[in-house]
Amino acid sequence: SMPRADDNIFRLEPSLDLEHLGSRQRDHSSNYRNVVCSLCSRTVAIALQVSLDALNSPDRENGDTSKARQIAMYLSATMFNLCAAEVGRAFKRDRTTVAYALERIEEQREDPEFDFVLAQLEELLCDARHAISLCYDYFEGGGAHLLERA
């Protein structure tokens, strides 16, 4: 049987993949934070067929968009080891709003269908995270010499 997402160690502690990306520091670079949150937003927008513009909008909106944003916030925090304040900065939301979103999503995981969807998104982002870390290793923390060859 398929393991539940809770069984995966990345739900419990920062991934070893991320050590090279400076994840042990509580404050990541703003570029890392924004790119990671954008990756999560885009993944959710594609998977749940929600407008990316609506997802990134500072306005209050309908329930579907709000729930999709909460999922993107949750994935940004749990999969990429960002604290609520960092996620809030990227999504232009208050830290307490992010903390509330994380609680709501965690509660909704009690529903097996919802948990299954989230587990698929986590698996996809876990692959992305692993690939990022491999590239980071290969380029020793910077792809500049690769870009010069292009």
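Our subject is the structure listed above.
Residues numbered from 1 in each chain as written. Predicted model: local features only at pLDDT ≥ 70, side-chain atom pairs only at ≥ 80, totals over all residues. Heavy atoms only, no water.

Chemist: Any chance you could break down helix 5 (residues 95-108) for me, citing the residues and the numbers?
Modeler: Between its first and last C-alpha atoms helix 5 spans 20 Å; for 14 residues at 1.5 Å apiece the expected length is 20 Å, and the two agree. By the burial criterion, the buried members of helix 5 are Val 98, Ala 101, Ile 105 and Gln 108. The buried side chains of helix 5 occupy one side of the element, clustering within an arc of 90° when seen end-on. The exposed set on the far side of helix 5, more than 90 degrees from its buried face, consists of Arg 95 and Glu 103. Residues of helix 5 that are buried in the fold lie against helix 3 (63-80), helix 4 (84-91) and helix 6 (112-138). (Helix = DSSP H or I, 4+ residues; strand = E, 2+ residues; numbered from the N terminus. Expected span 1.5 Å × (residues − 1). Buried < 20%, exposed > 50% of the residue type's maximum accessible area, 1.4 Å probe, protein only. Arc of directions from axis to C-beta. Contact = heavy atoms within 4.5 Å.)

Chemist: Provide a residue-level description of the environment of Ala 77, including the pertinent values.
Modeler: You can see Ala 77 is positioned in helix 3. Taking the C-alpha atoms as reference points, Ala 77 and Val 36, 41 residues apart in sequence, are found 9.5 Å from one another. Setting aside residues up to four positions removed in sequence, Ala 77 forms contacts with Leu 82, Val 87 and Leu 102.

Chemist: Residue-level account of the nonpolar core, with values.
Modeler: Counting 28 residues, the largest nonpolar core has Val 44, Ile 71, Leu 75, Phe 80, Val 87 and Leu 118 as its most contacted members. Elements with a contribution of two residues or more to this core: helix 1 (30-48), helix 3, helix 4, helix 5 and helix 6. A total of 9 residues in this core trace back to one element, the largest contributor, which is helix 3. What Ile 71 contacts, discounting residues up to four positions off in sequence, is Val 44, Leu 48, Ile 105, Phe 114, Leu 118 and Leu 121. (Core = buried A, V, L, I, M, F, W, Y, C linked by side-chain atoms within 4.5 Å.)

Chemist: Kindly report on the side chain of Arg 109, identifying the contributing residues and their values.
Modeler: By secondary structure assignment, the location of Arg 109 is in the loop between helix 5 and helix 6. The exposure class assigned to Arg 109 is buried, which follows from its relative accessible area of 2%. Of the polar contacts made by the side chain of Arg 109, one reaches the side chain of Tyr 74; its length is 3.1 Å. (Polar contact = N/O pair within 3.5 Å; in protein donor to acceptor, adjacent residues only side chain to side chain.)

Chemist: Tell me about the pattern of salt bridges, and please be specific about residues and values.
Modeler: For side chains bearing opposite charge, pairing can occur when the charged atoms are close. For the structure on display, the rule yields 3 salt bridges. Salt-bridge contacts for Arg 104 lead to Glu 107; the nearest nitrogen and oxygen are separated by 3.5 Å. Of this pair, Arg 104 and Glu 107 both sit in helix 5, 3 residues apart, which is roughly one turn of that helix. For Glu 107, a relative accessible area of 49% gives the class partly exposed. (Salt bridge = Lys/Arg side-chain N within 4 Å of Asp/Glu carboxyl O.)

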